[in-house]
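For reference, the chains in residue letters:
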Amino acid sequence: MKLLERFNIKTSNMHIYDTAFSHSSYCNEHNLKEDYQRLEFLGDKVLDLIMSDYLYNTTNYEEGKMTKIRSMYVCENALYEYALILDFPDYVKIGKGEEASGGRFRKATLADMFEAFLGAVYLDQGYLKAREIVYEIVIPFIKEKPETFFIDYKSRLQELVQTTKKSVNYELVKEEGPSHDRTFTVNVIVDNIILGTGHAKSKKEAEQEAAKEALNKQAKV
């Protein structure tokens, strides 16, 4: 796997990397027990730790600003960009139906698999190798444009309502479609009032879309 060669990863556990790129549709077709999702859960936390560690030790920003910057670089849009840089579509294992519907290039899938890959690296090679990858792929973006990479609508909405001490909650309203091609509908609720609704292929992105709609409504007031 060229991806492993790029980071000088020598492993005796190729299975964990195969799993990191195995979509549920592929697992269903081949009677495999585990897809990438458990590794994605772990990789999400590994990435958060590496990013938090970097911001804490290289800046003097206060907590709110560090949180804001971190959120920009771990959002779905950002993760998708990292996955494309590393040619992830070449490694994705998906079922025939998912392939036909363009699933190999689906943003939510590739974003999650970037975190799954980090989770696999962490388990197989340790924290330092996972950090090396993040420092090579992610950190240059922060150095180049620390606060202008991707707009985090959730953070912007949170900042807006904090000034009025109101509460913000996201409610999953509906899930549609087969397990390998879900569409999520999420409402953002501020003080028991629905201010926005988002539809997307992942809950994270649906939340961002709901927050974006809420912000647009506020801008027109």
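Residues numbered from 1 in each chain as written. Predicted model: local features only at pLDDT ≥ 70, side-chain atom pairs only at ≥ 80, totals over all residues. Heavy atoms only, no water.

Draft legend 1. Broad picture of the overall build of the chain. Each helix and strand in the chain was counted, giving 12 helices and 3 strands. Radius of gyration (C-alpha) of the chain: 18 Å, near the 17 Å computed for a compact globule of 221 residues. The principal-axis extent of the C-alpha atoms belonging to the chain is close to 55 × 45 × 25 Å. Among the 221 residues that make up the chain, the fraction classed as buried is 47%. The contacts of the chain with a sequence gap of at least 6 include a subset with a gap of at least 24, amounting to 59%. Carbon and sulfur atoms form 49% of the exposed surface of the chain, whose accessible area is close to 11,900 Å². (Helix = DSSP H or I, 4+ residues; strand = E, 2+ residues; numbered from the N terminus. Rg over C-alpha atoms; globule rule 2.2 N^0.38 Å. Buried < 20%, exposed > 50% of the residue type's maximum accessible area, 1.4 Å probe, protein only. Contact = heavy atoms within 4.5 Å. Areas by Shrake-Rupley, 256 points an atom, 1.4 Å probe, with all protein chains shown as cover.)

Draft legend 2. Region of interest: helix α8 (residues 107–125). Spanning 19 residues, α8 covers 27 Å between terminal C-alpha atoms, matching the ideal 27 Å at 1.5 Å per step. For α8, a buried count of 14 out of 19 residues is recorded, marking the element as mostly surrounded by other parts of the structure. With its phi angle positive at about 100°, Gly 126 sits one or two positions after the end of α8. (Expected span 1.5 Å × (residues − 1).)

Draft legend 3. Focus on the nonpolar core. Ranked by size, the top nonpolar core spans 49 residues in total, and within it Met 51, Tyr 73, Tyr 82, Phe 88, Phe 114 and Phe 117 carry the most contacts. Elements with a contribution of two residues or more to this core: α1 (2–6), α2 (14–20), α4 (37–58), α5 (63–74), α6 (76–85), α8, α9 (127–137) and α10 (139–144). When residues in this core are grouped by element, the largest group, 9 residues, is from α8. Residues within four places of Phe 88 in sequence aside, it is in contact with Leu 3, Phe 21, Ala 83, Leu 110, Met 113, Phe 114 and Phe 117. (Core = buried A, V, L, I, M, F, W, Y, C linked by side-chain atoms within 4.5 Å.)

Draft legend 4. The arrangement of the packing of aromatic side chains in detail. The tally for this structure, following the rule as stated, stands at 9 aromatic pairs. Look at Phe 21 and Phe 88: their rings are 4.9 Å apart centre to centre, the planes differ by 80°, and that puts the pair in the edge-to-face class. In this pair, Phe 21 is assigned in the loop between α2 and α3 (24–29) and Phe 88 in the loop between α6 and α7 (96–100), connecting sequence segments 67 residues apart. Accessibility classification places Phe 21 together with Phe 88 in one group, the buried group. (Phe/Tyr/Trp six-rings, centres within 6.5 Å; stacked < 30°, edge-to-face > 60°.)

Draft legend 5. Main features of the environment of Glu 81. Summarising the element assignment, Glu 81 is placed in helix α6. Taking the C-alpha atoms as reference, Glu 81 lies 7.9 Å from Ala 111; in sequence the two are 30 residues apart.

Draft legend 6. The side chain of Arg 106, seen in detail. Residue position: Arg 106 is located in the loop between α7 and α8. Accessibility expressed as a relative area gives 14% for Arg 106, which makes it buried. Within the structure, the side chain of Arg 106 is placed 3.5 Å from the backbone oxygen of Ser 101, a separation counted as a polar contact. (Polar contact = N/O pair within 3.5 Å; in protein donor to acceptor, adjacent residues only side chain to side chain.)

Draft legend 7. Structural context of helix α11 (residues 153–162). For α11, the set of buried residues is Ser 155, Leu 157 and Val 161. Along the axis of α11, the buried residues cluster in a sector spanning 160°; they form a single face. (Arc of directions from axis to C-beta.)

Draft legend 8. Layout of the packing of α6 against α8. Direction vectors running N to C along α6 and α8 enclose 75°, while the axes themselves pass 8 Å from each other. As summarised for this structure, α6 and α8 are arranged roughly perpendicular, according to the angle between their axes. Contacts between α6 and α8 involve Glu 76, Asn 77, Leu 79, Tyr 80, Tyr 82, Ala 83 and Leu 84 from the first element and Lys 107, Ala 108, Leu 110, Ala 111, Phe 114 and Glu 115 from the second. Looking at the contact of α6 with α8, its residues break down into 9 nonpolar, 1 polar and 3 charged. (Axes fitted to C-alpha atoms, helices over the stretch in contact; angles between N-to-C directions. Parallel < 35°, antiparallel > 145°, perpendicular 65-115°, else oblique. Nonpolar A, V, L, I, M, F, W, Y, C, P; charged D, E, K, R; others polar.)

Draft legend 9. Spotlight on the environment of Leu 123. Residue position: Leu 123 is located in helix α8. Sequence separation of Leu 123 and Leu 42 is 81 residues, and the distance between their C-alpha atoms is 9.3 Å.

Draft legend 10. Region of interest: the packing of α4 against α9. Running from N to C, α4 and α9 point in directions that differ by 70°, and their axes come no closer than 10 Å. The orientation of α4 with respect to α9, classified from their angle, is roughly perpendicular. Considering the relative orientation of α4 and α9, their crossing is right-handed. Facing α4, whose interface residues are Val 46, Leu 47, Leu 49, Ile 50, Met 51, Asp 53 and Tyr 54, α9 presents Tyr 127, Ala 130, Arg 131, Val 134 and Tyr 135. Of the residues contributing to the contact of α4 with α9, the split by class is 10 nonpolar, no polar and 2 charged. (Left-handed = near helix turned anticlockwise from the far one by under 90°.)

Shape is all these values report; function is a separate question.
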